[in-house]
Amino acid sequence: MSAPLKSIEGTGDLAASMAEIGQKGRSAARALALASTAQKDRALGLMAAAVRAQKTRILAANADDVIDAKAAGLSGAALDRLTLDAARVEAIAVAIEAVRALNDPVDTVTSSWTRPNGMIIERVRVPLGVIGIIYESRPNVTADAGALCLKSGTAAILRGGSDSTRSSRAIHAALQEGLREAGLPEAAIQLVPTRDRAAVGMMLNGLSGNIDVIVPRGGKSLVARVQAEARLPVFAHLEGVCHVYVDKAASLAMAQKIVLNAKMRRTGVCGAAETLLVDRAAAATMLKPLIEMLIDAGCEIRGDKAVQAIDKRVKHVTDEDWGTEYLDAIIAAGVVDGVDAAIAHIERYGSHHTDAIVTGDDATAEKFLREVDSAIVLHNASTQFADGGEFGFGAEIGIATGRLHARGPVGVDQLTTFKYRIRGSGQIRP
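Scoring rules and cut-offs
Counting restarts for each chain, with residues numbered from 1 along the sequence as it is written. Selection of residues for local features in this predicted model requires a pLDDT of at least 70, selection of side-chain atom pairs for listing and counting requires 80 or more, and totals for whole chains, interfaces and linings are taken over all residues. Side-chain numbers here rest on the full set of heavy atoms in the structure, without hydrogens or water. DSSP-based pairing: two strands are paired if at least 2 bridges between them are found. Comment: elements are numbered from the N terminus, with helices defined as DSSP H or I runs of at least four residues and strands as E runs of at least two. Each axis is a line fitted through C-alpha atoms, and for a helix only the stretch in contact is used; angles between axes span 0 to 180 degrees, taken between their N-to-C directions. The labels follow the angle: roughly parallel below 35 degrees, roughly antiparallel above 145, roughly perpendicular from 65 to 115, and oblique for the rest. Working rule for contacts: check all heavy atoms of both residues, and any pair within 4.5 Å makes them a contact. Charged means Asp, Glu, Lys or Arg here, nonpolar means Ala, Val, Leu, Ile, Met, Phe, Trp, Tyr, Cys or Pro, and polar covers whatever is left, Gly included. The term nonpolar core refers to a set of buried residues drawn from Ala, Val, Leu, Ile, Met, Phe, Trp, Tyr and Cys, joined through side-chain atoms within 4.5 Å. For every residue, the accessible area obtained with a 1.4 Å probe (protein chains only) is divided by the maximum for its type, and the residue is called buried under 20%, exposed over 50%, and partly exposed between those limits. Aromatic rings from Phe, Tyr and Trp, with only the six-membered ring used for Trp, were paired whenever their centres fell within 6.5 Å, and each pair was classed as stacked if the ring planes differed by under 30 degrees, edge-to-face if by over 60, and tilted otherwise. Here, over-ring charges are defined by two tests on the NZ atom of lysine or the CZ atom of arginine: distance to the ring centre within 6 Å, and angle to the ring normal within 35 degrees.

*Asks:* Would you take a moment to explain the sheet that holds strand β2 (residues 120–127) for this structure?
*Replies:* Sheet strands pair by backbone hydrogen bonding; their relative direction is either parallel or antiparallel. With respect to topology, three strands assemble into an open sheet ordered β1-β2-β16, the strand pairing being antiparallel. Of all the strands in the sheet, the pair left with one neighbour each is β1 (109–114) and β16 (416–423). Averaged over all neighbouring strand pairs, the angle between strand axes comes to 20 degrees, with direction disregarded. When β1 meets β2, the two strands line up antiparallel, connected through five bridges. Paired with W113 across the bridge in β2 is I121.

And the structure:
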């Protein structure tokens, strides 16, 4: 039986405590902005070592979280995101080391030019400042977000989900150890020490101007609340309604491999395929093998009339199903009249997250890649590659589907903004 969770509410008024967190974050951000690459990298290396050294403590904390989550009836997909084992703890450490190995984006000159009057203008990357990250279930986000923010010189204020409180605290303790040993402020990565949901509202209000950007990472209700209430910029996606379109020029063997992986590798991640579209011109040869493959793998199919005709086990698809993020072994499936119809379907029902085409026709692939308006669009690859680590970012804070400069996996480059540096020789404006 799980041990009772000790109160972590702290003392004093919540508003005062949150205000102090905001002020400490702003102060830490100023220090981080001036920290050297070597100092940040040393801290990241020490963090990874501390995660490994404290593995037993992290796993014990997670085990208690899982016991309570099961008792509370948490869904299978959410439990999968919450649960840690030795391999996943090692993956957390490896991800921190991968972030350490990235180039430091801070102070990178992205463009420079000389004006006719002789002034030299440079556009240079600078840290965003302070980022508030609100997340559910996934305790690894504590490490991923903390590491990415540190590398980009940005302070992080983390508010993890109540179901992963113990796990997040244990991982955060390892991160704090790395910061201390490297001589960086512990407030560079803060974990909000309360389950009180009022703290989320305070973060969405910006903590008196001390948070610059909010990043929600969790379920639809969390992201919807953040997008509705936030008074500052948000990097977010509401949900991952991801599609795989199998074109008439696809290889059946490749299509089977990609579709099975995209749907069934991990059904609870935001990059899991939720809809399968098959070109009508390929349905006679490809539809039955694809549908039977998914059913044999334990996937429920909700299909249109053409798909239902293939197998009696296929359920009727509703209009609501087409726009549903199942996060489970369920997929909507239908037949469409070529790539234009597939693109139109994705535009109507998709969430601008991740969509893939399987085809051997390069012209059709280029049309799909150009016209599908999603943060990530793939040709002949699984939608499960929607992940910052797979992009070479080391890790990610989340997948952004909005129109701000951060779109797709949010890594160290997306956690910077820029300023202009101008060098003159006495110029004045006439």
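*Asks:* What exactly am I supposed to notice about the packing of helix α5 (residues 86–101) against helix α6 (residues 140–151) here?
*Replies:* Each pair of packed helices gets described by two things: the angle between the helix axes and the distance between those axes. Interaxial distance between α5 and α6 falls to 9 Å at its minimum, and their mutual angle equals 10 degrees. For the element pair α5 / α6, the angle class is roughly parallel. Counted together, I92, A95, I96, V99 and R100 of α5 and N140, A143, D144, A147, L148 and K151 of α6 form the full contact between these two elements. Residue composition of the contact of α5 with α6, by class: seven nonpolar, one polar and three charged.

*Asks:* Sorry, what's going on with the nonpolar core here?
*Replies:* Across soluble globular proteins, nonpolar side chains show a tendency to be buried alongside one another. Within the largest apolar cluster, 72 residues are counted, with the highest numbers of intra-cluster contacts made by I96, I133 and I397. If one sorts the elements of this core by residue count, α6 sits on top with seven residues. Counting residues in each nonpolar core, the second largest holds 34 residues, with V244, C299, V335 and V358 among its members.

*Asks:* Just checking my understanding: could you explain the packing of aromatic side chains for this structure?
*Replies:* The relative placement of two aromatic rings is captured by the distance of their centres and the angle of their planes. Counting across every chain of the model gives five aromatic pairs. With 6.3 Å between their ring centres and 75 degrees between their planes, W113 and Y420 make a pair best called edge-to-face. Note that W113 is positioned in strand β1 and Y420 in strand β16, a separation of 307 residues in sequence. What makes Y420 partly exposed here is its relative accessible area of 44%. An aromatic cluster is defined as three or more aromatic residues linked by ring pairs; in this entry it consists of W113, F418 and Y420. Residue placement shows R123 over the ring face of F418; its charged tip is 5.7 Å from the ring centre.

*Asks:* Explain the sheet that holds strand β5 (residues 189–191) here, please?
*Replies:* Taking strand neighbours across the sheet as the criterion, the four strands line up as β5-β4-β3-β6 in an open arrangement whose pairing is parallel. The sheet is open, and its two borders are formed by β5 and β6 (213–217), each paired with just one other strand. Adjacent strand axes in the sheet meet at a mean angle of 20 degrees, parallel and antiparallel pairs treated alike. Both strand β3 (residues 130–135) and strand β4 (residues 155–159) contribute to a ladder of five bridges, which runs parallel. Along β4, the bridge assignment pairs I131 with A156. Lying over the sheet, α6 contacts β3, β4, β5 and β6, oriented at roughly 165 degrees with respect to β3.

Treat this as a map of the structure, not an account of what it does.
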